[in-house]
2 protein chains.
Amino acid sequence: MAAPGPLDAGAGVIEHSPNQGRAWRGTRITALLAERLAVPVALDDDARLGALGEALLGAGRGADPLVYVTVSSGIGSGIVSGGRMLRGAHGLAGEVGHLVVDPDGPRCACGRRGDVESYAGGAALARRARRAWPSGRLADGSAAPRDAAGIFRAARAGDPLARGIVAEAAEALGRGLAALATAIDPERIVVGGSLALSQGALVRRAVAIARRRCLAETGRRLVVVQSALGETSVLAGAALLAAELAGGAPPPGP
Amino acid sequence: MAAPGPLDAGAGVIEHSPNQGRAWRGTRITALLAERLAVPVALDDDARLGALGEALLGAGRGADPLVYVTVSSGIGSGIVSGGRMLRGAHGLAGEVGHLVVDPDGPRCACGRRGDVESYAGGAALARRARRAWPSGRLADGSAAPRDAAGIFRAARAGDPLARGIVAEAAEALGRGLAALATAIDPERIVVGGSLALSQGALVRRAVAIARRRCLAETGRRLVVVQSALGETSVLAGAALLAAELAGGAPPPGP
């Protein structure tokens, strides 16, 4: 099972899932599912499983280290180095959605202000839309955006407020990519998630910004490609995890 | 041989060493030294070798992943995960000194503006001192600081300009630590380098800021300790590298 982090993969517990609501906090999800389904159930972070899927079966094949960044309702990332998922000491490696860009920025579901997700995550963008146009109307009288896709449409149509929100989203996402590129120096970054896959222009702008927000040598060598597996990269990673835990044949090498 | 990065360890070439001057750029240092000394010479990044030294012989023993951050004239870091140095695809992993915090900030020797090193590196702080007090005098007529240590002294004595520079240095260093903590989720961060070792209060402030600039779960679990090997951590790492390349006994495990 893939779930948004942070979670305790070893214990099978969702610790705190900002975009899924408080009811999930502390849920022993693997025990519950194993009982209902009468099969062993393993849990890991969705971004990390997406990274594993893309590294072994998708757009990250042959790249080492490989970073996968998912931009959908939330923002997360996973790192595969030397064929291993880099989980970190507490399973929190790659939680780039919650790296703070501006401590005075918008409030994130995680409690911080001005982190990458508060500017560029789909759920946060929907919240920004509701606040940016409280009347529900644009200056020209047409219906105001109510979600991320609507903001991007309004920006393309020239609405100045929407353009500002998109520029801030690109800057924040660019800072997140720059932080990952700086720490890891990946051979390739694969970007997926519904928002990234539907808003290619956002990703292109963020990559251009990321190149200028880290060492010039790092920025010049930054290679960012689109997910090859799309919405199934996380499922591919979960299947690879299940195969590994079942002691089956090792997954195809990178 | 340890040298400041970025460098090409495999080819034995210093690529670009912002704080050492342009004369070093492109120097094939291992070939030159091997010829003069008539022994094999290996090269790696000083921060990365410091990380290896601290991970295997110093304050990072037993911690996995282990991040080492050096704050002296420049700022760099190294990562050891699963007993291996994480070099990255181009030997640039951990170049956190050049992660941009504010694109309108002070100019760094690397060419960027507002990166971590431009606020918190010793050489950059000396440049800031020369610009902050062009008359060479503080408001009370005493001699103005001319280097990083002088700025910290003036800040402790209450000079408002010096206090502002120190606050910006702590914020920038905190952002750099937060970026590393977010990407890697290290079990421990070891901080060394002459400036960090002489200015413990700067490091403590930076750590307090880092805790607030990343996911709360990450910040709460952040453990930062002082280098155990001090100025010799880099030498210890270089000796471990030489031993490894000489095919001698494996270095003591973490």
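Look above for the structure.
Anyway, here's the lowdown on the structure attached to this text. Along each chain, numbering runs from 1 in the same order as the chain's sequence is written. Just so you know, chain letters begin at A and ligand numbers begin at 1, following the order they were written in. Totals for whole chains, interfaces and linings use every residue, but because this is a predicted model, local features are given only for residues with pLDDT of at least 70 and side-chain atom pairs only at 80 or more, for both listing and counting. The side-chain values count all of the structure's non-hydrogen atoms but skip hydrogen atoms and water molecules.

**Description of the pairing of strand 6 (residues 75-81) of chain A**
All names here are of chain A. Counting buried positions along strand 6 gives seven out of seven residues, so the element sits mostly inside the fold. Burial classification: accessible surface area is computed with a 1.4 Å probe over protein chains only, and a residue below 20% of its type maximum counts as buried, one above 50% as exposed, and the rest as partly exposed. By the criteria applied, helices consist of DSSP H or I runs no shorter than four residues and strands consist of E runs no shorter than two, each listed in order from the N terminus. Both faces of strand 6 are covered, namely the face carrying Ile75, Ser77, Ile79 and Ser81 and the face carrying Gly76, Gly78 and Val80. Sheet topology note: the strand 5 (residues 66-71)/strand 6 ladder contains six bridges and is antiparallel. Residue pairing for strand 6: Val71 is matched across the bridge by Ile75. Here strand 6 pairs with strand 7 (residues 84-85) via two bridges, running antiparallel. Residue pairing in the sheet places Ser81 in a bridge with Arg84 of strand 7. Whether two strands pair depends on DSSP finding at least two bridges between them. Where strand 6 folds back on strand 7, the antiparallel hairpin that results is connected by two residues, among which Gly82 adopts a positive phi of roughly 60°.

**Overview of the relation of the copies chain B and chain A**
We place the copies in one frame by least squares, fitting the C-alpha atoms of every residue whose pLDDT is at least 70 in both. Mapping chain B onto chain A calls for a screw motion: a turn of 180° about the axis and a shift of 0.0 Å along it, with 0.0 Å RMSD after fitting. Each copy turns onto its partner about a two-fold axis. Closest approach to the rotation axis among the C-alpha atoms of chain B is made by Ala179(B), whose C-alpha sits 2.9 Å away. Residue by residue, 100% of the interface of chain B is reproduced at the interface of chain A, so both copies engage with the same surface. Note on contacts: a residue pair qualifies if any of its non-hydrogen atoms lie within 4.5 Å across the two residues.

**Re the interface of chain B and chain A**
With 46 residues of chain B at the contact, the number on the chain A side is 46 residues. Note on terms: buried area is the combined drop in 1.4 Å-probe accessible area of two parts once they are placed together, counting the loss on both. When the two sides are added together, the surface that chain B and chain A hide from each other amounts to roughly 3700 Å², 57% of it contributed by carbon and sulfur. For chain B, the biggest contributors to the area lost against chain A are Arg112(B), Asp185(B) and Leu215(B); these three give 17% of the whole. Salt bridges are identified by distance alone: a Lys or Arg side-chain nitrogen within 4 Å of an Asp or Glu carboxyl oxygen. Inspection of the chain B/chain A interface yields zero salt bridges. For the purposes of these results, a polar contact is taken to be a pair of N or O atoms within 3.5 Å, where, inside protein, one atom must be able to donate a hydrogen and its partner to accept one; residues adjacent in sequence count only when each atom of the pair is a side-chain atom. Run the count over chain B and chain A and you get 28 residue pairs in polar contact (both at pLDDT 80 or more). At the level of secondary structure, the elements contributing two or more residues to the side of chain B that touches chain A comprise strand 6 (75-81), helix 6 (160-184), helix 8 (200-212) and helix 9 (216-220) of chain B.

**What about the nonpolar core?**
One finds Trp133(A), Ile151(A), Trp133(B) and Ile151(B) to be the most contacted residues of the largest nonpolar core, which totals 98 residues. Apart from residues no more than four positions distant in its own chain, Trp133(A) is found in contact with Leu138(A), Ala144(A), Pro145(A), Ile151(A), Asp159(A), Leu161(A), Ala162(A) and Ile165(A). In plain words, nonpolar cores are sets of buried Ala, Val, Leu, Ile, Met, Phe, Trp, Tyr and Cys residues tied together by side-chain atoms within 4.5 Å.

**Some details on the pattern of salt bridges**
All names here are of chain A. In the structure shown here, the tally under the stated rule is 10 salt bridges over all chains. In this structure, the salt-bridge partner of Arg175 is Glu171, at a minimum N-O distance of 2.7 Å. Here the residue Arg175 and the residue Glu171 both occupy positions in helix 6 (residues 160-184), the gap between them amounting to four residues, near one helical turn. Among the charged side chains, a salt-bridge network with shared partners connects Asp44, Arg48 and Arg87.

**Brief notes about the layout of surface pockets**
In this approach a probe as big as a water molecule rolls over the atoms, and the regions it shows empty are the leftover space. Residue and element names in this part refer to chain B. Grid spacing is 1 Å over the protein atoms alone, the probe is 1.4 Å, and a cavity is where that probe fits but cannot get out, while a pocket is an open set with protein on both sides within 12 Å along at least five of seven lines and lining residues have an atom within 4 Å of a point. Grid points are joined across faces, edges and corners, and a volume is the space filled by probe spheres set on the points. Looking at the largest pocket, its volume works out to about 480 Å³. Lining the largest pocket are 32 residues, and of these Pro4, Asp46, Thr70, Ser72 and Gly74 sit closest to its centre. Contributing elements (two or more residues each) for the lining of the largest pocket: strand 1 (2-3), helix 2 (46-57), strand 5 (66-71), strand 6 and helix 10 (233-245). Residue polarity is assigned by list, with Asp, Glu, Lys and Arg as charged and Ala, Val, Leu, Ile, Met, Phe, Trp, Tyr, Cys and Pro as nonpolar; anything else, Gly included, falls into the polar class. For the lining of the largest pocket, the per-class residue count stands at nine nonpolar, 17 polar and six charged.

**Concerning the state of the cysteines**
Cysteine sulfur atoms that pair up within 2.5 Å are treated as a disulfide. Applying the stated criterion across every chain, the model contains zero disulfides over all chains. Cys214(A) takes part in no disulfide bond, and the closest cysteine sulfur, belonging to Cys110(B), lies 9.8 Å away. The structure places no disulfide on Cys110(B), whose sulfur is separated from the nearest cysteine sulfur, that of Cys108(B), by 3.8 Å.

The values reported here are purely geometric and, on their own, carry no functional implication.
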